[in-house]
Amino acid sequence: MAHVVILGAGTGGMPAAYEMRDLLGPKHEVTLISENPYFQFVPSNPWVGVGWRQREQIVFDIEPHTSRKRINFIAQRADRIDPERNTIDLANGSSVHYDYLIITTGPALAFDAVPGSGPHAGHQKSTHSICTVDHAEKAYQAYMNLLDSNNPDPIIIGAMPGASCFGPAYEYAMIVLSDLEKRGARNKIKEFHFITSEPYVGHLGLGGVGDSQEILTRGLGEMGVQVHTNMNTTKVDDGKMFCEHLNEKGEKIGVGTHDFGFSMMLPAFKGVDAVAKVPELCNPKGFVIVDEHQRSPKYPNIYSAGVCIAIPPVEQTPVPTGAPKTGYMIESMVTALVHNIQAEIHGKAPTAEMGTWNAICLADMGTSGAAFVALPQFKPRRVDWFGEGPWVHWSKIAFEKYFLAKMKAGVSEPFYEKLVFQMLGISRLKSDEPAHLRK
Ligand code: FAD
Ligand code: DCQ
């Protein structure tokens, strides 16, 4: 009997537990461990940050759903992984033994990289985050406080140096603007800044996708947003952001401070402590090093998927940026690794499957939205497309309902989903792609 433990019940971990359970016979055991007892649909957190969603609409308790699928669920934080003894020590003092470990712990938010930044910095006016539902609720409070004042200070939205997940920064800027218009309060905000570490608007950590630069530049411009690129934010004080402006060679060409009444800055990500401190498992930022089969070269019974794995940046930028890891890409890593673990448990080589790492993303912008498809993530790309329209807004709402329903029902990729994506020429596994596309 083999015991497979999945650490982290997020966008990657939940489907990993369900797929692992489906693939393994009843004599094997599957355990899911996560810090919180609930699942949150992370892509909806920006909506919580403008009050368009309440917490209850995008969060649900995990245990009733996993227990129906005979998956053990433990709601505890992991504090230490011992890869020699194959054990995980939990915050309540207990420990769990695994035969195979799947690490899907997502990002730790590196607020410490910019002194004074983040919602817990203790300022009256802090830079907020929408990365977790808790943070998004705090951001919404701060946004409401700003609107309560008669003469509000500027709004600053953007991304910190080293950030990799730029989509939600644009999305949040656009939905805040849309929300201000709905409330008839756009005129009240005299200055609205977008401050980003990207070298140009729409870079997205991907070197741009299709017409992303033109479309996003036009979108922010039409809404009266002042854009600042190549910005290295170095410090945050109460209602004050300190930035260095770099040129394309990476030289400092200016320093300045920006006052704000409300701010949301997407932080850089790093690996969570328990994972980062395992010797030789991770790169210096604490991201798990994996081979093309999602397996640790150092510890062959450890696999990993999602934001917590190490991937190289798509290109070097004057202010450091990273490459984003988006939902479909994460699902493709998960599907590959569960097949590889199943193969190994059944006595075969765990090296059959590779994820396609296709990047597909939907970003809402209030009434319209923007979508991109980058197949594959790294250039040269077969498909490199960025589009916009109200269909994206509605697709994102539909996708939210669909994903939450799937996670409650306990399925990762229903046959009709696979079929629809196949018709679009997109698949999770390299082995499902036509032969000429495989490496
Ligand atoms: P998460 O979903 O973050 O899951 C990690 C889990 O591990 C969490 O439950 C956490 O509590 C748990 N955990 C961490 N440490 C421990 C520990 N020590 N012990 C126990 N449990 C632990 N991608 C898209 O494709 N489309 C989008 O629209 C989109 N929107 C996004 C919006 C935001 C605001 C953000 C931040 C990201 C977005 N992404 C989007 C990118 C990506 O899809 C998400 O970040 C996704 O949630 C990442 O999945 P994950 O499984 O790697 O990590
Ligand atoms: O898992 C996903 C996810 O959550 C993390 C998203 O966030 C909302 C996504 O946007 C996935 C898989 C996606 C992509 C969903 C795409 C559905 C529409 C397909 C049509 C693409 C052709 C333009």
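Residues numbered from 1 in each chain as written. Chains lettered and ligands numbered in written order. Predicted model: local features only at pLDDT ≥ 70, side-chain atom pairs only at ≥ 80, totals over all residues. Heavy atoms only, no water.

A short note on the site of ligand 2
- Around ligand 2, a shell composed of 14 residues is seen, among which Thr 11, Pro 43, Gly 327, Leu 362 and Phe 399 lie nearest.
- A distance of 3.4 Å separates an oxygen atom of ligand 2 from a polar backbone atom of Leu 362.
- Protein chains bury 84% of the 580 Å² of accessible surface belonging to ligand 2 in isolation.
- At the level of elements, helix H9 (327-345), strand E21 (359-365) and helix H10 (390-409) are the ones that each hand at least two residues to the shell around ligand 2.
- In terms of residue count, the dominant contributor to the shell around ligand 2 is H10 (4 residues). (Near = heavy atom within 4 Å. Polar contact = N/O pair within 3.5 Å; in protein donor to acceptor, adjacent residues only side chain to side chain. Areas by Shrake-Rupley, 256 points an atom, 1.4 Å probe, with all protein chains shown as cover. Helix = DSSP H or I, 4+ residues; strand = E, 2+ residues; numbered from the N terminus.)

Quick look at the sheet that holds strand E5 (residues 72-75)
- Reading across the sheet, the 5 strands line up as E5-E2-E1-E9-E20 and stay open at both edges, with parallel pairing between neighbours. Taken across any chain shown, the strands that pair with only one partner, and hence form the sheet edges, are E5 and strand E20 (302-304). Here the strands of the sheet are splayed against their neighbours by 20° on average, with no regard to which way each runs.
- As paired strands, strand E2 (residues 29-34) and E5 are joined by 4 bridges and run parallel to one another. Opposite Ser 34, over in E5, you have Ala 75 as the bridge partner.
- Taken strand by strand, helix H1 (residues 13-23) contacts strand E1 (3-7), E2 and strand E9 (100-103), and its axis lies near 170° from that of E2. (Pairing = 2+ DSSP bridges. Axes fitted to C-alpha atoms, helices over the stretch in contact; angles between N-to-C directions. Contact = heavy atoms within 4.5 Å.)

Some thoughts on the confidence of the model for the protein chain
- Residues of the protein chain with pLDDT of at least 70 account for 99%, and the chain-wide mean is 95.
- Of the two predicted TM-score estimates for the complex, the pTM is 0.97 and the ipTM is 0.96. (pLDDT = per-residue confidence, 0-100.)

Let's talk about the sheet that holds strand E8 (residues 95-97)
- What the 3 strands build is an open sheet, ordered E6-E7-E8; its pairing is antiparallel. Of all strands in the sheet, those with a lone pairing partner are strand E6 (78-82) and E8, marking the two edges. The average angle at which neighbouring strand axes cross in this sheet is 20°, direction not considered.

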